[in-house]
Amino acid sequence: MTVVERREIALVDLLDRLLAGGVVITGDLTLRIADVDLVRIDLNALISSVNENVPSPFEESV
């Protein structure tokens, strides 16, 4: 085993790294029975931290 393979990262550290840079999640889910599409879900999500440089979109501007 190399040093990289033995390295463990805590879940909190992983989430911190992901949120610092931002994560885009994209996916499609289709529920189909007998070749008939019953439900289709499209997912597009951007997950990022909010700070002074990137303000929250839910706060009102003055």
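The structure reproduced in this document is the subject of the present report. Quick caveat: nothing in here was measured; it's all calculated off a predicted structure. (Residues numbered from 1 in each chain as written. Predicted model: local features only at pLDDT ≥ 70, side-chain atom pairs only at ≥ 80, totals over all residues. Heavy atoms only, no water.)

1. A closer look at the pairing of strand β1 (residues 23-33)
For a regular strand, side chains alternate in direction, first toward one face of the sheet and then toward the other. Relative to strand β2 (residues 36-47), β1 runs antiparallel, the two sharing 11 bridges. Following the sheet pairing, Val23 is matched in β2 by Ile47. If you look at the hairpin formed by β1 and β2, you'll find two residues sitting between the two strands, and Ala34 has a positive phi there, around 55 degrees. (Pairing = 2+ DSSP bridges. Helix = DSSP H or I, 4+ residues; strand = E, 2+ residues; numbered from the N terminus.)

2. What about the pattern of salt bridges?
Taken as a whole and judged by the stated rule, the model has two salt bridges. Between Arg40 and Asp42 there is a salt bridge; the shortest N-O distance is 3.3 Å. Residue class for Arg40 comes out exposed when judged on its relative accessible area of 59%. Of the residues examined, Asp42 reaches a relative accessible area of 47% and is grouped as partly exposed. (Salt bridge = Lys/Arg side-chain N within 4 Å of Asp/Glu carboxyl O. Buried < 20%, exposed > 50% of the residue type's maximum accessible area, 1.4 Å probe, protein only.)

3. A closer look at a nonpolar patch on the surface
Taken together, Leu29, Leu31, Ile33, Val36, Leu38, Val39 and Ile41 make up a surface patch of nonpolar side chains, about 640 Å² in accessible area. Looking at the nonpolar patch, the elements that each hand over two or more residues are β1 and β2. Looking at the nonpolar patch element by element, the count peaks at four residues for β2. In this structure, Ile33 sits in strand β1. (Patch = residues over 30% accessible without salt bridge, like charges linked within 9 Å, V, L, I, M, F, W, Y side chains within 5 Å. Areas by Shrake-Rupley, 256 points an atom, 1.4 Å probe, with all protein chains shown as cover.)

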